Amino acid sequence: MVRLHVKLGDESQFLFDTTVNVPVDDLVKDLVVIYNGRLKVSRICSEMAELAEHGIILPPNMQGLADEQIEDLKLKNEWEAKCVPSGGSVFKKDEIGRRSGHAPNDSMKKVLQKTMEEAKALISKKQAEANVCVTIDMVKDALDQIRGAVMIVYPMGLPPHDPIRMEFENNEDLSGTQAGQMVIEEPDAQLWWAGKELLRNKKLADYVGKNEKTKIIVKIQKRGQGAPAREPAISEEEQKNMMMYYHRRQEALKKLEEDEDISYMNADWADSNSLKRQFQGVKNIKWRPAVCGFHHSSWL
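Conventions adopted
- Residues numbered from 1 in each chain as written.
- Predicted model: local features only at pLDDT ≥ 70, side-chain atom pairs only at ≥ 80, totals over all residues.
- Heavy atoms only, no water.
- UniProt positions renumbered as here; feature names shortened; annotations may be inferred.
- Phe/Tyr/Trp six-rings, centres within 6.5 Å; stacked < 30°, edge-to-face > 60°.
- Lys NZ or Arg CZ within 6 Å of the ring centre and 35° of its normal.
- Helix = DSSP H or I, 4+ residues; strand = E, 2+ residues; numbered from the N terminus.
- Expected span 1.5 Å × (residues − 1).
- Buried < 20%, exposed > 50% of the residue type's maximum accessible area, 1.4 Å probe, protein only.
- Arc of directions from axis to C-beta.
- Axes fitted to C-alpha atoms, helices over the stretch in contact; angles between N-to-C directions.
- Parallel < 35°, antiparallel > 145°, perpendicular 65-115°, else oblique.
- Left-handed = near helix turned anticlockwise from the far one by under 90°.
- Contact = heavy atoms within 4.5 Å.
- Nonpolar A, V, L, I, M, F, W, Y, C, P; charged D, E, K, R; others polar.

Under an unreviewed UniProt entry, the name given to the protein is Cilia- and flagella-associated protein 298, and the organism recorded is Aquarana catesbeiana. Comment text from UniProt for the protein, heading Sequence similarities (unreviewed entry), reads "Belongs to the CFAP298 family."

What follows is the structure in structure tokens.
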């Protein structure tokens, strides 16, 4: 199998196993499904965290209004009585006025939070660090886990305008949002490797050869963005480790040099009189100045 390390720009996304005989068109489609699916899981989990804390989302015409304004305008959330969490709710006011404040109880809240963390871990970028490949089935499993948890906590379902429900039904409106800019539509997707765009009418083998035991870094992006920056010969982490190694090596050599300088001065062969003393049989004799005493006498 050929292992692809998929990146967006310089940012690692996920690992994916394929074969050299795969048509590039099929490969791009699979990678886009995984890439966009991971974004969907992240968006849902972000909303799930708010759902666990503050309950269902308010109707659009009530969001952001103070309680007094809602009362003055005589607005009512008709979904509040229909979408009650299992086991009843506890009130926790949403300070930004986006959700009802009728949150699930602690046990149901933990169901949402635990499932959310498991789903995020399944498609996390850390999977690449652990050398684990992400598949389309793994993305589907993450979405199914989240959907199941929401159904357990909200058996009557969520309001049709709730972003979580809209995500499940693929009716989400991301226009004008940062999240929307991150999505890559399949017809606009491009795959690059070694400074070359992988053309969809070719096979992967046309670029990487027929060796199935190959690992390459590919970059996915939207059409029209030009060629992405090429990968450096070594990674930033490898460069840092090399610098540390050479620094330690230089320090070790410096210390060795200093030690050799000291031992050189003490060595027998460095003493110019050593050979002479050996012939005279006076080796290893230490000399020190003698203290002389003078005797004074009178001369007549």
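**Comments concerning the packing of aromatic side chains**
A complete count under the given rule lists zero aromatic pairs for this structure. Directly above the aromatic system of tryptophan 79 lies the positively charged group of lysine 82, at a separation of 4.5 Å from the ring centroid.

**Overview of helix α3 (residues 106-122)**
Helical periodicity: at 3.6 residues per turn, an α-helix aligns residues three or four positions apart in one direction. End to end, α3 covers 24 Å across 17 residues, agreeing with the expected 24 Å (1.5 Å per residue, within 8%). Buried within α3 we find Met108, Lys109, Leu112, Thr115, Met116 and Ala119. The buried residues of α3 occupy one face: seen down the axis, they fall within an arc of 135 degrees. Exposed side of α3, more than 90 degrees from the buried face: Asp106, Lys110 and Lys114 are the residues found there.

**Brief notes about the packing of helix α1 (residues 24-54) against α3**
Any two packed helices are characterised by the angle at which their axes cross and by the distance between the axes. The geometry of α1 relative to α3 is characterised by a closest axis approach of 10 Å and an angle of 165 degrees between their N-to-C directions. Considered as vectors, α1 and α3 are oriented roughly antiparallel to each other. For the element pair α1 and α3, the recorded crossing hand is left-handed. Facing α1, whose interface residues are Val41, Cys45, Met48, Ala49, Leu51, Ala52 and Glu53, α3 presents Lys109, Leu112, Gln113, Met116, Ala119 and Lys120. Broken down by class, the residue content of the contact of α1 with α3 amounts to nine nonpolar, one polar and three charged.

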